[in-house]
Amino acid sequence: MSAQHPARLRSAARALLCLLCCCMPLLAACSLVKLSDKIGQAHCSSDTDCDVLNDGKTDACEIWQCSPDTKYCVFGPLDKDHDGYYPAMCQKTASKVDCNDAKANQNPGNTETCDGIDNDCDGNIDEDALTVSHDTAVVFGNANQDGVSDLSYATDPASGTLGLGFSINRTPNNVPGIAKIANDLPSGGNALEIKLPTLLAPNPQRLVTNGVGIGALGAESFAVAFYDQNGTHRVLAGAVDITGQTATLKAPSDILIYGLHCEAGEPCAGNASGPATVTAVDQTETPSLAAQGDDVLVTYVRNLMGAQPEDCHAKSETVPGNKVLANWLQKSAQAQDGLDEISNEALLLGKSDGINAPTVLAVPPIGAKNKVFGWLVAFTDENGAIGVHRVTAAGSKLNIEASLLSLSDGNLRYSAPRLTLGPSSGELQTVGIAYQRGCGVAARVAASVFTVGFDKSGAAKLTPVTLDAAVGGGPAERHASMAYSKDADSERWAVVYRDPKGVRARVLSPAGKPVGEQPYKLIENAGTGGSMVEVLLSPGVVGGSSGSNWFGALGYVQQGGSQHAIASATLGCKK
């Protein structure tokens with residue numbers, strides 16, 4: 001009698017039990033479990049195959065169920081997910097109470113993982129699922145009043161190496177610094193290498209910087225851009241090659257003397273007719289760049305509005321918006337030059353009401369018909385919205401497709417965007433963007449995910465997957481960075497940012513929806529009193545996986561008292 005013939009099984013079982021109960025009343029007080037167990041030894045594939053044995057039962061906590069091990073119906077305590085934990089109504093021992101008897105990955109004996117549910121039944125979702133392994137930190141002491149500011153990040157796709165560009169704030173002149181972090185190092189490895197580039201070009205005193213944009217040309221070579229605050233007030237650019245303990249900054253002498261070209265006809269130091277110096281209310285700010293093969297796109301803001309905070313300010317109604325510009329460079333055939341400027345004028349991408357650095361992302365070719373895609377650039381426009389634009393290079397000119405996507409709710413100012421690549425499939429490339437909504441204590445980090453493709457006319461098309469997903473809970477959230485990672489089991493996005501208490505992170509689903517109920521506490525501030533982790537600045541993360549290290553390398557600045565440090569870590573996720 002198999003479970004595939006429930007009518008016959010029910011009839012036989014009832015007949016035998018009835019006979020026993022009617023003909024042997026003296027046995028009424030004894031247990032029939034053993035005999036019933038023998039009757040129920042029927043093959044089954046699910047609990048429903050054993051339901052016929054439960055007809056007429058009044059005790060819902062002692063029932064026939066299908067054993068996942070033997071594939072026979074067995075009699076015992078109610079345990080629908082067969083994880084050894086039981087519903088509260090059927091269990092007097094609190095430690096064995098299951099919070100969800102329908103899912104085996106939810107019970108008090110489970111370990112919390114990054115999957116958006118309460119695995120260990122403690123009432124919290126995904127708590128402590130992300131882990132940070134502290135690898136190393138390089139401290140800049142106070143002998144020269146050294147400080148570190150404005151980290152920017154780039155990843156070499158081939159090696160997974162993370163490059164960091166930053167400004168070392170010294171007296172009398174600031175200098176650019178380069179850090180290299182090998183991705184997916186084992187816990188405790190010495191992941192961080194700091195390089196101070198030697199300048200192979202005239203006028204080294206011009207290296208006065210305020211942040212360094214960086215793009216990967218390889219595991220040991222990075223394109224960099226910075227600006228000369230005391231001289232031309234223009235963007236300087238070059239390539240840094242790292243050989244052993246030596247880092248060399250290479251750039252053509254005309255770029256280091258005059259900076260990159262500005263718009264055609266504009267009186268800037270990058271043009272031959274321009275002045276040697278400019279006023280403080282006509283200088284370049286916050287360069288960023290991205291490399292694709294030998295091609296590099298440098299973007300920056302030409303400040304026409306005077307001094308203003310980096311993130312938020314009262315928008316002026318009388319002063320025109322700042323200009324957002326781009327220049328196209330290529331890796332030079334002359335080894336000593338590093339990078340050559342291809343176009344002799346900058347491309348105007350649009351206008352901005354602030355001086356936040358644009359974010360630029362090199363996007364690989366999409367589909368068979370598009371051999372070269374170009375770059376995506378995002379920045380805050382004059383209305384406080386973030387626009388995403390496509391830039392391509394052809395001949396000796398840059399071209400722009402403006403306003404492919406706008407992020408705005410009409411009320412809050414959006415700022416500080418960061419773009420990152422996600423998965424590619426067929427004719428579509430997925431891209432994520434993290435950014436700041438609002439200002440001051442009201443600032444909140446948000447993220448959006450969209451796909452990039454082409455319409456029938458060949459124009460780029462951006463299609464939202466998730467828009468304006470709230471990442472944190474406030475207050476005063478800033479410096480968001482986003483990364484995508486995939487392994488054999490799952491795929492996720494991560495958004496890393498800082499708030500007044502330290503560095504936080506939030507895992508997002510493949511569609512960009514937040515996982516769990518709260519952000520993760522990655523690294524806490526130590527409080528006041530001169531600690532090296534009194535304040536944490538400019539966190540950034542890159543994708544990659546090795547074992548449980550979903551999101552690879554993490555970098556940030558420690559600031560305390562008169563000292564700063566650049567620190568690196570490995571960000572992982574328990575699975």
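So, how was this worked out
Residue numbers here run from 1 along each chain, matching the order of that chain's written sequence. Reporting of local features is limited, given that this is a predicted model, to residues whose pLDDT is at least 70; pairs of side-chain atoms are given and counted only at 80 or more, and all residues count toward the totals for whole chains, interfaces and linings. Side-chain descriptors were evaluated using all non-hydrogen atoms of the structure, hydrogens and water having been removed beforehand. Aromatic rings from Phe, Tyr and Trp, taking only the six-membered ring of Trp, are treated as a pair when their centres fall within 6.5 Å; an angle between ring planes under 30 degrees marks them as stacked, one over 60 as edge-to-face, and anything in between as tilted. In this text, helices come from DSSP runs of H or I with a minimum length of four residues, and strands from runs of E with a minimum of two, each type numbered from the N-terminal end. Exposed residues in this analysis have more than 50% of their type's maximum accessible area, buried residues have under 20%, and partly exposed residues fall in between, with area computed by a 1.4 Å probe over protein chains only. Confidence per residue, as judged by the predictor, is encoded in pLDDT with a range of 0 to 100. Contacts are residue-level and defined by heavy atoms, with any inter-residue pair within 4.5 Å sufficient. Any pair of cysteine sulfurs within 2.5 Å is marked as a disulfide. Whether two strands pair comes down to DSSP finding at least two bridges between them. Angles shown run from 0 to 180 degrees and are taken between the N-to-C directions of axes, each axis being a line fitted to C-alpha atoms and, for helices, limited to the stretch in contact.

1. Quick word on the packing of aromatic side chains
Piece 1. The tally for this structure, following the rule as stated, stands at 3 aromatic pairs.
Piece 2. Ring geometry for Tyr414 and Tyr435: centres 5.5 Å apart, planes at 20 degrees, overall stacked. Placement of Tyr414 in strand 22 (residues 414-425) and of Tyr435 in strand 23 (residues 428-437) is noted, with a sequence separation of 21 residues between them. With respect to burial, Tyr414 and Tyr435 carry one shared label: buried.

2. A word on the confidence of the model for the protein chain
Piece 1. Here the protein chain averages 75 in pLDDT, and 69% of its residues register 70 or above.
Piece 2. Note on residues 185-190: pLDDT is under 50 here. Beyond four places in sequence and across chains, it has 11 contacts.
Piece 3. The low-confidence segment residues 314-318, where pLDDT is below 50, has 4 contacts with residues more than four positions distant or belonging to other chains.

3. Some words on the state of the cysteines
Piece 1. Evaluation of the coordinates by the stated rule reveals 4 disulfides.
Piece 2. Two residues, Cys99 and Cys121, share a disulfide whose sulfurs are 2.1 Å apart. In this structure, the disulfide formed by Cys99 and Cys121 twists by about -70 degrees around the S-S bond and is classed as left-handed. Pair noted here: Cys99 is in the loop between strand 2 (73-77) and strand 3 (130-140) and Cys121 is in the loop between strand 2 and strand 3, with a separation of 22 residues, a long-range link.
Piece 3. Assessed through its relative accessible area of 43%, Cys99 is described here as partly exposed.
Piece 4. Given a relative accessible area of 21%, Cys121 falls into the partly exposed group.

4. Overview of the sheet that holds strand 22
Piece 1. The strand order 22-23-24-25 describes an open sheet built from 4 strands, whose pairing is antiparallel. The open sheet has two edge strands, strand 22 and strand 25 (460-470), and neither has a second partner. Each adjacent strand pair in this sheet contributes to an overall mean axis angle of 20 degrees, direction not counted.
Piece 2. Examined bridge by bridge, strand 23 and strand 24 (residues 444-454) share 9 bridges and lie antiparallel to one another. Looking at strand 24, one finds that Arg437 is bridged to Arg444.

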